[in-house]
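A closer look at the structure
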Amino acid sequence: MKPMNPLLLGAVGLALAIAGWSAAVLSGRYGLATPVLPPTGLVTMGVIVALTLVLGIRVLRWRNGKKKKLLNPILAAWTLVLAQACAYTGAMLLGWHAGIFVELLQIWSLRNGQQLTWLALGMAGGGLVMIVVGIVVERFCRIPPEDGDAEGNGLPGRPRPGKAKGEGEYAYRGD
């Protein structure tokens, strides 16, 4: 599995920021409700973040040798997939709600209540937390290189002699 690309996360966030801003403009123009998730969405985001962190810490403890019991490779793969999904979902939520927040800031003085503006900002912050947790847990799932790899006897972009295929990738550590 390939690691997440931060540029792709940024592109997803930017595209959804433009879409969120456009949706907020159109909903305001036609008198519709602003498309912001309800406050219970923050609770759901918190549960996802907590679950991702708990599973990631289990993988990290095993990787660092603090657990003697063998780690279930399916659980490790699910943890990696969950971390990546958490980061991409966070980028989508951050972008969408940041776009809405920008539009709501433009009409700040025209509105009586600012609950919707603060809710959009809170959802964008929750998306940012999801991105950070997803990236951190993805790093937890990476197997460190072997001791002999620190010598630097290979050229960049070329495998070192005797280096196992897939080493340093996301993999099941069978030792």
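These numbers come from a predicted model, not from an experiment. (Residues numbered from 1 in each chain as written. Predicted model: local features only at pLDDT ≥ 70, side-chain atom pairs only at ≥ 80, totals over all residues. Heavy atoms only, no water.)

Comments concerning the overall build of the protein
Convention followed: Numbering goes from the N terminus for both helices and strands, where a helix is a DSSP run of H or I of at least four residues and a strand is a run of E of at least two. The classification of residues rests on relative accessible area computed with a 1.4 Å probe and restricted to protein chains. Under 20% of the type maximum is buried, over 50% is exposed, and intermediate values are partly exposed. Throughout, a contact is declared for two residues whenever any of their heavy atoms are within 4.5 Å.
Counting secondary structure elements, the protein contains four helices and zero strands. Counting from the amino terminus, the protein carries its helices and strands in the arrangement α-α-α-α. Buried residues in the protein amount to 32% of all 175 residues. Restricting the contact set of the protein to residue pairs at least 6 apart, pairs at least 24 apart contribute 82%.

With respect to the side chain of Ser27
Applicable threshold: Any pair of nitrogen or oxygen atoms within 3.5 Å is treated as a polar contact; in protein, a donor-acceptor pairing is required on top of that, and neighbouring residues in sequence qualify only through side-chain atoms on both sides.
By the element assignment, Ser27 lies in helix α1 (residues 6-29). There is a polar contact of 3.0 Å between the side chain of Ser27 and the backbone oxygen of Ala24. Filtering out sequence-adjacent residues up to four positions away, Ser27 remains in contact with Leu32, Ala33, Thr34 and Pro35.

Overview of the environment of Met1
If you trace the backbone, Met1 turns up in the segment before α1. Counting along the chain gives 76 residues from Met1 to Ala77, while the straight-line C-alpha distance between them is 9.3 Å.

Let's talk about the packing of helix α2 (residues 40-63) against helix α4 (residues 115-140)
The cut-off we apply is this: A fitted line through C-alpha atoms represents every axis, and for helices the fit uses only the stretch in contact; the resulting angles, taken between N-to-C directions, go from 0 to 180 degrees. In this scheme, roughly parallel covers angles under 35 degrees and roughly antiparallel covers those over 145, while 65 to 115 is roughly perpendicular and the rest are oblique. Helix crossings are classified by the rotation of the near helix relative to the far one: an anticlockwise turn of less than a right angle makes the crossing left-handed, while a clockwise turn makes it right-handed. Under the scheme applied, nonpolar residues are Ala, Val, Leu, Ile, Met, Phe, Trp, Tyr, Cys and Pro; charged residues are Asp, Glu, Lys and Arg; polar residues are all the others, including Gly.
Where α2 contacts α4, the axes come no closer than 9 Å and their chain directions differ by 15 degrees. In terms of their interaxial angle, α2 and α4 are classed as roughly parallel. Once α2 is placed against α4, the crossing between them reads as left-handed. Mapping the contact onto sequence places Gly41, Leu42, Met45, Ile48, Val49, Thr52, Leu53, Gly56, Ile57, Val59, Leu60 and Arg63 in α2 and Gly122, Met123, Gly126, Gly127, Val129, Met130, Val133, Val137, Arg139 and Phe140 in α4. When the residues that make up the contact of α2 with α4 are grouped by side-chain class, the tally is 14 nonpolar, six polar and two charged.

Concerning a nonpolar patch on the surface
Applicable threshold: Nonpolar side chains (Val, Leu, Ile, Met, Phe, Trp, Tyr) within 5 Å and like charges within 9 Å form the patches, drawn only from residues with over 30% relative accessible area and no salt bridge. Note on areas: these come from Shrake-Rupley sampling with a 1.4 Å probe, and a residue is covered only by the protein chains present in the view. Throughout this description, the term salt bridge denotes a Lys or Arg side-chain nitrogen within 4 Å of a carboxyl oxygen of Asp or Glu.
There is a patch of nonpolar side chains on the surface, built from Leu105, Trp108, Trp118 and Leu121 and spanning about 390 Å² of accessible area. Considering the arrangement of structural elements, one finds Trp118 in helix α4. Overall, the relative accessible area of 51% leaves Trp118 in the exposed class.

With respect to α2
To keep things clear, this is the line we draw: A helix is expected to span 1.5 Å for every residue after the first.
For α2, which comprises 24 residues, the first-to-last C-alpha distance of 35 Å matches the rise-based estimate of 34 Å (1.5 Å per residue) to within 8%. Taken as a whole, α2 has its buried residues at Gly41, Met45, Val49, Thr52, Leu55, Gly56, Val59, Leu60 and Trp62. Against the buried residues of α2 lie α3 (73-106) and α4. Of the residues flanking the end of α2, it is Gly65, one or two places downstream, whose phi is positive at about 85 degrees.

Some words on a positive patch on the surface
Where we set the bar: Here the positive residues are Lys and Arg and the negative ones are Asp and Glu; neither His nor the chain ends is included. For charged residues, the charge sits on one atom: NZ in Lys, CZ in Arg, CG in Asp, CD in Glu.
Positive charge collects at one region of the surface, where Arg58, Arg61, Lys66, Lys67 and Lys69 lie side by side. Inspection of the secondary structure puts Lys69 in the loop between α2 and α3.

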